[in-house]
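Geometric and topological summary
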Protein chains: 2
Amino acid sequence: MAAPKPTRTRRKMQRVTIMDVAARAELSPSTVSLYFRKPDAVSAAASESIARAIEALDYVPNLMAGGLAAASSRVVSIVVPSVRNAFFAETVAAMQEELGKQRLQMMLGHTEYKEHDEEGLVRTALSWAPAAIVLTGLSHSVATRRLLRDSKVPVVEIWELGSQTMDMAVGFHHDQVGHAAASHLVQRGRKRLLFLGARLHEDRRAARRAQGFVETARKIPDITAEIIQHPAPASAEVGAMLLGEALHRFPNVNGIACSNDHIALGVIFECQRLGIAIPDRLSVVGFGDLSFSAASNPSLTTIRPPGDLIGKEAARLIIARILHSDGEPAQTVIDTRFTLLHRQSS
Amino acid sequence: MAAPKPTRTRRKMQRVTIMDVAARAELSPSTVSLYFRKPDAVSAAASESIARAIEALDYVPNLMAGGLAAASSRVVSIVVPSVRNAFFAETVAAMQEELGKQRLQMMLGHTEYKEHDEEGLVRTALSWAPAAIVLTGLSHSVATRRLLRDSKVPVVEIWELGSQTMDMAVGFHHDQVGHAAASHLVQRGRKRLLFLGARLHEDRRAARRAQGFVETARKIPDITAEIIQHPAPASAEVGAMLLGEALHRFPNVNGIACSNDHIALGVIFECQRLGIAIPDRLSVVGFGDLSFSAASNPSLTTIRPPGDLIGKEAARLIIARILHSDGEPAQTVIDTRFTLLHRQSS
DNA sequence: CTCCAAAATAATAGCGCTGCTATCTAGCCG
DNA sequence: CGGCTAGATAGCAGCGCTATTATTTTGGAG
């Protein structure tokens, strides 16, 4: 048949492509591509006419095409338990700011403290051929580890340090936090200690703080320490509730550390209602240094984890690895430490 | 010449592709692709052998290739002022949960309250050919609007409702919040009203609440209302500071509304220190119903914005639009309302 | 049995960009 | 001034998948 088959009606995208830009700038697509990837390799004259063409056409690059061709994208995937949690929100925000400077995008995933979901999130993340993957904590399923190893994507584990890491890590030792809280209370002359924790069965890091707390306390002669917990997520209400239980079970308690500041604030509120003097009769130490902690009455002694620093350093490690891959893995484990802020409640 | 040029040594990805799966399942790549996109169109026998092949090869699809071919991705981009802000963190989390059910991924961008940055974020977002874009608030630059219009990507504006929306919107009217706070205080017999606000110059929504507050109050005979503000981000410390200024400038104030609960908590703390009885001498109303608001002492009367509902509904609108595009735009503007929670502080 | 529509599967032609190479140009030395 | 080299620019061949069309297989009806 002379008549050619009707041409395929593939959606003929009217999208502006790199070729349109090249045509307008009277250069080849290669050069335009180079302009984006290695601006220095393009002459000033070419750069200028390309910039003009981009401007005129309002060109928006297609990062998916670029990622496909380059077999890797400018996306960093991060998996956190929850952004509802101020700690991780802080880290996510700081990290994004840092990554943004290098025009790296962030894709976010939540486990909502269900560790089992992590594998699925990692799978999805890998579908985007990310430049790096950031995971919270150190405990990951075998399948997750294998996926990541096979993919060869750089991995950063954040918010927790331990004996072994998959690749890179930024965080601190949670047992040391417990240790610091216990030491501080003991130093303040407290002998009957309690750790009040929310959701310790799911929040492993909080559990490690609790463990570090009692281990430290019990090593010191004449000191007692127990853990009281509640399965619900941390909130001031849970804190108030936990204090009630604490006073019921251990009436002579005089030093309390909390899994976080929400719990501690609840303890303070409840003590106000019950007429319990803080710190005279009871010392309270929190964890988190949340927005209200310095302003409460009494102000709250607490341990401040450097959430923003963690985000920033994680971003830096990633940038160092993927952008300046020339040098060798300088430092791949960063201990950010934490700070005990001694205020009125202890 | 006879000798063929040496074959290009293109990085021969050892990645498992859809072709490997097809080969192993003894089917064509097309069928495997169909299996992912329209599982019902594939026979049970084929489905099973494909599933087995995927399992055996540990196949991870390349979403960038898919997105490129389909000219659209399963990514939803969301731009919020900051995830450090609990309101938006809540929305982001809820939205992600809802989107996740449809295997839609979320890409996050922050403006950090710099509206000027929005355009860049939208540009980057569009580079990923997202299935939809979610923006916070209603005020966007002309360039941003044009970019979005040209791209034809569905847009959802959240957390604010007003006279006109670009496409879809989910939120509530902030002036109504101010109105509700003022009405409530008046109803509680308060006549000398103040609105304490943080960062009103950047946080337009808070500014609208303030505006609604004074407009309502001033319409009522015998009532006075003023706004006092501080340029720093909201925190309990700023709240305490603002109360100081308030008492200095308006010693007989007896009703205070705050731009959010952090400020209100600071007011409560400061009143405790100063020995000002709440609510006897001073009524306080917050905004946000943050984690500590119900537990504080006195508990805080506040207005609760449905952050999670906003996220959920926004996700639903998006899903309805892109997945079941058959039906016509049912409802594209959703007023989620808000709730005044009357507690002890008023 | 044959025929035919419906169901299932396969073939084809890109999506828009990048990573090599190859080619071209300008600058500089002897 | 020819010959070289480094610096710019261009050409080519996919990246891994999807949408569309084409083909084959099924399963009844006649």
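Under an unreviewed UniProt entry, the name given to chain A is LacI family DNA-binding transcriptional regulator, and the organism recorded is Bradyrhizobium cajani.

Thoughts on the overall build of chain A
Broken down by element type, chain A carries 12 helices and 12 strands. Its C-alpha atoms give chain A principal-axis dimensions of about 95 × 45 × 40 Å. Sorting the 346 residues of chain A into buried and exposed places 51% on the buried side. Of the contacts made within chain A by residues no fewer than 6 positions apart, 69% connect residues no fewer than 24 positions apart. When the accessible surface of chain A is totalled, it reaches about 15,700 Å², and 52% of it is carbon and sulfur. Between the mean site of the 40 positive side-chain charges and the mean site of the 35 negative ones, chain A shows a separation of 4 Å.

As for the sheet that holds strand β3 (residues 132–136) of chain A
The strand order across the open sheet formed by 12 strands is β11(A)-β5(A)-β4(A)-β3(A)-β1(A)-β2(A)-β2(B)-β1(B)-β3(B)-β4(B)-β5(B)-β11(B), and the pairing between neighbours is mixed. What marks the edges here is a single partner per strand, and that holds for β11 (333–335) of chain A together with β11 (333–335) of chain B. Averaged over all neighbouring strand pairs, the angle between strand axes comes to 20°, with direction disregarded. Bridge count for strand β1 (residues 75–80) of chain A against strand β2 (residues 105–110) of chain A is six bridges, and the pairing is parallel. Opposite V80 of chain A, over in β2 of chain A, you have H110 of chain A as the bridge partner. Where helix α6 (residues 118–126) of chain A meets the sheet, its contacts fall on β1, β2 and β3 of chain A together with β2 (105–110) of chain B, and the angle it forms with β3 of chain A comes to roughly 165°. Where helix α12 (residues 307–323) of chain B meets the sheet, it contacts β1 (75–80), β3 (132–136), β4 (155–158), β5 (168–171) and β11 of chain B, and its direction lies at approximately 160° from that of β5 of chain B.

A short note on the relation of the copies chain A and chain B
Turning chain A through 180° and shifting it by 0.0 Å along the axis lays it on chain B, with an RMSD of 0.1 Å. Each copy turns onto its partner about a two-fold axis. The residues that chain A uses at the interface reappear at the interface of chain B in 100% of cases, marking a shared surface.

Some details on the side chain of T136 of chain A
Residue and element names in this part refer to chain A. By secondary structure assignment, the location of T136 is in strand β3. Its relative accessible area of 9% is what places T136 among the buried residues. Side-chain polar atoms of T136 contact the backbone oxygen of V79, separated by 2.7 Å. Apart from residues no more than four positions distant in its own chain, T136 is found in contact with V79, V80, P81, F88, E118, I158, W159 and R205.

Focus: the domain arrangement of chain A
Residues and elements named next belong to chain A. Along its sequence, chain A is organised into domain 1 (18–61), domain 2 (70–172 + 308–337) and domain 3 (174–304). Contacts between the two partners involve 14 residues from domain 2, matched on the other side by 13 residues from domain 3. Both faces combined, the contact of domain 2 with domain 3 buries some 1,200 Å², and carbon together with sulfur accounts for 54% of it. For domain 2, the biggest contributors to the area lost against domain 3 are F87, Y113 and F172; these three give 50% of the whole. At the junction of domain 2 with domain 3, the criterion picks out three salt bridges. We note a salt bridge from R205 to E160, for which the minimum N-O separation is 3.5 Å. For the pair domain 2 and domain 3, the number of links is three residue pairs in polar contact (both at pLDDT 80 or more). Taken together, the residues that form the side of domain 2 that touches domain 3 break down as eight nonpolar, three polar and three charged.

With respect to the interface of chain A and chain B
Between chain A and chain B, the contact holds 58 residues from the first and 58 residues from the second. Between chain A and chain B lies a buried interface of about 5,200 Å² when both sides are counted; carbon and sulfur atoms form 57% of it. Taken as a group, M64, R84 and W128 of chain A account for 14% of the area that chain A buries against chain B, more than any other trio of residues on that side. For the pair chain A and chain B, the interface holds eight salt bridges. In this structure, the salt-bridge partner of E90 of chain B is R84 of chain A, at a minimum N-O distance of 2.9 Å. In this assembly, chain A and chain B are joined by 24 residue pairs in polar contact (both at pLDDT 80 or more). If you list the elements that add at least two residues to the side of chain A that touches chain B, you get α4 (63–70), α5 (86–101), β2, α6, α7 (142–151), α10 (236–249) and α11 (261–274) of chain A.

Quick look at the sheet that holds strand β10 (residues 301–304) of chain A
All names here are of chain A. Ordered in space as β7-β6-β8-β9-β10-β12, the six strands form an open sheet in which the pairing is mixed. The sheet terminates laterally at β7 (224–230) and β12 (339–341), the two strands that pair on one side only. For this sheet the average axis-to-axis angle between neighbouring strands, irrespective of direction, equals 20°. The sheet contact formed by β10 and β12 spans three bridges and is antiparallel. Each bridged residue has a counterpart across the sheet, and for I303 the counterpart in β12 is L340. In the packing of α10 onto the sheet, contacts are made with β6 (192–198), β7 and β8 (255–258), and the angle to β7 comes to roughly 135°. The sheet contacts of α11 involve β6, β8, β9 (283–287) and β10, and relative to β9 the element is tilted by about 155°.

Looking at the packing of aromatic side chains
The full count for this structure, using the stated rule, is 21 aromatic pairs over all chains. Ring plane angle 75° and centroid distance 5.4 Å describe the contact between F87 of chain A and F287 of chain A, whose orientation is recorded as edge-to-face. On the criterion of sequence distance, the pair formed by F87 of chain A in helix α5 and F287 of chain A in strand β9 is long-range, its members being 200 residues apart. Among the residues examined, F287 of chain A registers a relative accessible area of 1% and is labelled buried. When the centroid spacing of 5.3 Å and the interplanar angle of 70° are considered together, the rings of F88 of chain B and W159 of chain B count as edge-to-face. Taken as a pair, F88 of chain B in helix α5 (residues 86–100) and W159 of chain B in the loop between β4 and β5 lie far apart in primary sequence, 71 residues in all. By relative accessible area, which is 3% here, F88 of chain B ends up buried. The ring centre of Y113 of chain B lies 4.1 Å from the NZ or CZ of R199 of chain B, which sits over that ring.

Topic: the UniProt feature "domain: HTH lacI-type" (unreviewed entry) in chain A
What UniProt calls "domain: HTH lacI-type" (unreviewed entry) maps, in this numbering, to residues 16–70 of chain A. Helix makes up 71% of residues 16–70 of chain A and strand 0%, with an end-to-end C-alpha separation of 20 Å.

Quick notes on the nonpolar core
Side chains that are nonpolar tend, in soluble globular proteins, to be buried together. By size, the foremost hydrophobic cluster in this structure holds 111 residues, and its most contacted members are M95 and F213 of chain A together with F213 of chain B. Ignoring anything within four residues of it in the chain, the contact list for F213 of chain A reads G178, H179, A181, A182, L185, L193, L194, F195, A225 and A257 of chain A.

Quick notes on the rules
Once a new chain begins, its residue numbering starts again from 1 and follows that chain's sequence as written. Chains carry letters from A onward and ligands carry numbers from 1 onward, assigned in written order. Selection of residues for local features in this predicted model requires a pLDDT of at least 70, selection of side-chain atom pairs for listing and counting requires 80 or more, and totals for whole chains, interfaces and linings are taken over all residues. Excluding hydrogens and water, the side-chain figures rest on all heavy atoms present in the structure. Each helix corresponds to a stretch of at least 4 residues labelled H or I by DSSP, and each strand to a stretch of at least 2 residues labelled E; elements are numbered beginning at the N terminus. Exposed residues in this analysis have more than 50% of their type's maximum accessible area, buried residues have under 20%, and partly exposed residues fall in between, with area computed by a 1.4 Å probe over protein chains only. Any two residues whose heavy atoms approach within 4.5 Å are treated as being in contact. Using the Shrake-Rupley algorithm and a 1.4 Å probe, accessible areas are obtained, with residue cover drawn only from the displayed protein chains. We treat Lys and Arg as the positive residues and Asp and Glu as the negative residues; His and chain ends play no part in the count. Where a charge lies is defined by one atom per residue type, namely NZ (Lys), CZ (Arg), CG (Asp) and CD (Glu). Here, a strand pair is defined by DSSP locating no fewer than two bridges between the strands. Geometry is summarised by axes, namely lines fitted to C-alpha atoms with helices restricted to the contacting stretch, and by angles between N-to-C directions that run from 0 to 180 degrees. When the copies are superposed, the least-squares fit takes in the C-alpha atoms of residues with a pLDDT of at least 70 in both. Any N or O atom pair separated by 3.5 Å or less is treated as a polar contact, with the protein-specific requirement of one donor-capable and one acceptor-capable atom, and with residues adjacent in sequence counted only for side-chain atom pairs. Note that domain bounds follow an automatic or database assignment of domains. A quick way to say it: buried area is the sum, across both parts, of accessible area lost when two parts are put together, with a 1.4 Å probe. Any Lys or Arg side-chain nitrogen located within 4 Å of an Asp or Glu carboxyl oxygen qualifies as a salt bridge. Throughout this entry, Asp, Glu, Lys and Arg are counted as charged residues, while Ala, Val, Leu, Ile, Met, Phe, Trp, Tyr, Cys and Pro are counted as nonpolar. The remaining residues, Gly among them, count as polar. Only the six-membered ring of Trp is used, alongside the rings of Phe and Tyr, when aromatic pairs are assigned; centres must lie within 6.5 Å, and planes under 30 degrees apart are stacked while those over 60 apart are edge-to-face, with the rest tilted. As a reminder, the over-ring test applies to NZ of lysine and CZ of arginine, requiring each to be within 6 Å of the ring centre and within 35 degrees of the ring normal. UniProt positions are given in the numbering used here, feature names are shortened, and annotations may be inferred rather than shown by experiment. Nine residue types can take part in a nonpolar core, namely buried Ala, Val, Leu, Ile, Met, Phe, Trp, Tyr and Cys, and a core is a set of them joined through side-chain atoms within 4.5 Å.

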